[in-house]
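# Analysis of the macromolecular model
Here is how the chains run, residue by residue.
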Amino acid sequence: MRLILLGAPGAGKGTQAEFITAKLGIPSISTGNLLRNAMSHGTELGNQVKEAMEGGHLVSDELVLQLVRERISQPDCQKGMIFDGFPRTLAQAEALDKIMKVDMALFIHVDDEVIIKRMGGRRTCPECQTTYHVESHPPKREGICDKCGAKLGVRDDDRPEVVRERLSVYHKQTEPIVNYYKNKGLLRTVEGAGAVEETSARVAEALGVQI
Ligand code: AMP
């Protein structure tokens, strides 16, 4: 299955991508994680993206598509994948259509006010990028990643002023993609406010899988 997760930053795409990976056994590909990885390795590409990411703006379509092409050529993507945070522009969506046939675009809808509240409590593992929330999705040990034991932190672009910029970029550049997939008959929408488990149940229903 080739699945796209759509939704504002903080809608819960990463958390639901993990859930779907566990259910369907296909990898999730987060372009945000691919970019942060490139940045942390100090590659030339990483230096180019640093400024855009830190300001909450989008990185160029060409760079993102280059990273996606590299990632999907790896053997674990043969049975499909979940895209988290990609495509984010109409140009990326059109480019993806030329690379593969998308099976479904699942839109996790969450109102902006809920997002802003949520992002304040988000904690991220700097090592493996797993995300938590201090109230709704806490780690087993406070401040420590369940998966790799690293100390959790707040991503630079989760600061309130950057979150507002990311939401505005989302509404301008990414939201039109919802209609793009709707017109193709590929869109499913689930409500993403409320508890993680409730959203996972809706996601499972949309995908036709047992919880
Ligand atoms: P995310 O982890 O998905 O919230 O992404 C964090 C940041 O990475 C975004 O604010 C953008 O600066 C950049 N980014 C991630 N995915 C894309 C994409 N598909 N196109 C352009 N920029 C992206």
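That block above? That's the structure.
Just so we're clear, the structure is a prediction, and the values are computed from it rather than from any experiment. Every chain is numbered on its own, with residues counted from 1 as its sequence reads. Only residues with pLDDT of 70 or above have their local features reported here, since the model is predicted, and side-chain atom pairs are shown and tallied only from 80 upward, although totals for entire chains, interfaces and linings are computed over all residues. Side-chain descriptors were evaluated using all non-hydrogen atoms of the structure, hydrogens and water having been removed beforehand.

Around the ligand there are 16 residues in total, and Thr31, Arg36, His57, Gln92 and Arg166 lie nearest to it. One of the backbone nitrogen or oxygen atoms of Gly85 is found 3.0 Å away from a nitrogen atom of the ligand. We define a polar contact as two N or O atoms separated by no more than 3.5 Å, with the added condition that, inside protein, one atom must be a possible hydrogen donor and the other a possible acceptor, whereas residues neighbouring each other in sequence contribute only through side-chain atom pairs. Within the side chain of Arg166, an N or O atom sits 2.8 Å from an oxygen atom of the ligand. Out of a free accessible area of 480 Å², the ligand has 96% covered by protein chains. In terms of residues, the shell around the ligand owes the most to one element, helix α2 (residues 31–40), which gives four residues. Within the shell around the ligand, the residues separate by chemical class into six nonpolar, five polar and five charged. By convention in these notes, a residue is near a molecule or strand provided one of its non-hydrogen atoms lies within 4 Å of it. Here, Shrake-Rupley sampling with a 1.4 Å probe gives the accessible areas, and only protein chains in the shown set may cover a residue. Here a helix means four or more residues in a row that DSSP labels H or I, a strand means two or more in a row labelled E, and each is numbered from the N terminus. In the scheme used here, Gly and all other residues not listed as nonpolar or charged are polar, with Ala, Val, Leu, Ile, Met, Phe, Trp, Tyr, Cys and Pro taken as nonpolar and Asp, Glu, Lys and Arg as charged.

Here the focus is the sheet that holds strand β7 (residues 187–191). The sheet built from five strands is open, its strands ordered β2-β3-β1-β4-β7 with parallel pairing. Here the strands that pair on one side only, and so sit at the sheet edges, are β2 (28–30) and β7. Between one strand axis and the next, the sheet turns by 20 degrees as a mean value, whatever way the strands run. We treat two strands as partners when DSSP finds at least two bridges between them. Relative to β7, strand β4 (residues 104–109) runs parallel, the two being bridged by five bridges. Each bridged residue has a counterpart across the sheet, and for Phe107 the counterpart in β7 is Thr189. Whether two residues touch is decided by their heavy atoms; if any such pair falls within 4.5 Å, the residues are in contact. All axes are obtained by fitting lines to C-alpha atoms, using only the stretch in contact for helices, and the reported angles, taken between N-to-C directions, cover 0 to 180 degrees. Against the sheet, helix α9 (residues 196–207) engages β1 (2–6), β4 and β7, with an angle of about 160 degrees to β7.

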